[in-house]
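Observations on chain architecture
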Amino acid sequence: MIELGMITIDTADARELASWWADRLGGEIVADMEGWFCIVAAPGMSVNLGFQKVEDATPGKNRLHLDFNHKPGADREQAVAEWVAAGATHLGLRGEAGFQWDTFTDPAGNEFCIGDPH
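Residues numbered from 1 in each chain as written. Predicted model: local features only at pLDDT ≥ 70, side-chain atom pairs only at ≥ 80, totals over all residues. Heavy atoms only, no water.

Let's talk about the overall build of the protein chain
Rules: A run of H or I in DSSP counts as a helix once it spans at least four residues, and a run of E counts as a strand once it spans at least two, with each numbered from the N terminus. Our radius of gyration looks at C-alpha atoms and nothing else; its globule reference is 2.2 Å times the residue count to the power 0.38. Partly exposed residues are those whose accessible area sits between 20% and 50% of the maximum for their type, while under 20% is buried and over 50% is exposed, using a 1.4 Å probe and protein chains only.
Along its length, the protein chain carries 2 helices and 8 strands. When the elements of the protein chain are put in sequence order from the N terminus, they spell out β-α-β-β-β-β-α-β-β-β. Taken over the C-alpha trace, the protein chain has a radius of gyration of 15 Å; the compact-globule value for 118 residues is 13 Å, and the two agree within 12%. Counting every position in the protein chain, which comprises 118 residues, the buried fraction comes to 34%.

Observations concerning the sheet that holds strand 6 (residues 89-96)
Remark on secondary structure: sheet strands pair via backbone hydrogen bonds, oriented parallel or antiparallel. What counts is decided by this rule: For two strands to be treated as a pair, DSSP must find at least two bridges joining them. To get an axis, a line is fitted to the C-alpha atoms, and for a helix only the part in contact is used. The angle between two axes follows their N-to-C directions and goes from 0 to 180 degrees. Contact definition: two residues touch when any of their heavy atoms are within 4.5 Å.
If you trace the 4 strands from one edge of the open sheet to the other, you get 5-8-7-6, paired in mixed fashion. Pairing within the sheet leaves two strands with one partner each, and these edge strands are strand 5 (66-69) and strand 6. The mean inter-strand angle of the sheet, taken between neighbouring strand axes irrespective of direction, is 25°. In terms of strand pairing, strand 6 meets strand 7 (residues 99-105) through 7 bridges, oriented antiparallel. Directly across from R94, in strand 7, lies its bridge partner W101. Contacts from helix 2 (residues 76-85) reach strand 6, strand 7 and strand 8 (111-115) within the one sheet, and its direction differs from that of strand 7 by about 10°.

What about the nonpolar core?
Heads up, the rule is: What makes a nonpolar core is a set of buried Ala, Val, Leu, Ile, Met, Phe, Trp, Tyr and Cys residues whose side-chain atoms join them at distances within 4.5 Å.
Core analysis: the largest hydrophobic core is formed by 21 residues, its most contacted members being W21, F51, W83 and F112. Counting residues per element, this core draws most heavily on helix 1 (residues 14-25), which supplies 7 residues. The residues touching F112, leaving out its near neighbours within four places in the chain, are W20, W21, H65, L66, F68, W83, A88, D102, T103, F104, T105 and D106.

This is the structure in structure tokens:
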């Protein structure tokens, strides 16, 4: 049997992007391999995020992205404003009543979503 150990994101600057995500998730960089690979652990996340330095970004749309849930009772507009103020780009609100999410990109252009809890 196997289990999911980490989700790894390619980036031009592993340390910078790992720091951004650690700050946004209230986590910390728990391993830094001289800036070519960093690992972030965050409270409430059972899987760590890895950030791997690559010379060339893969062109085109992400084939994989992170989906996060708002905490129950969270103010969606305030959350969007906080993520944008921290450096994320808001691509828009998607879905329909009862199943909605906001799509963003992080400072390196990786898409992720924050939605209503399911």
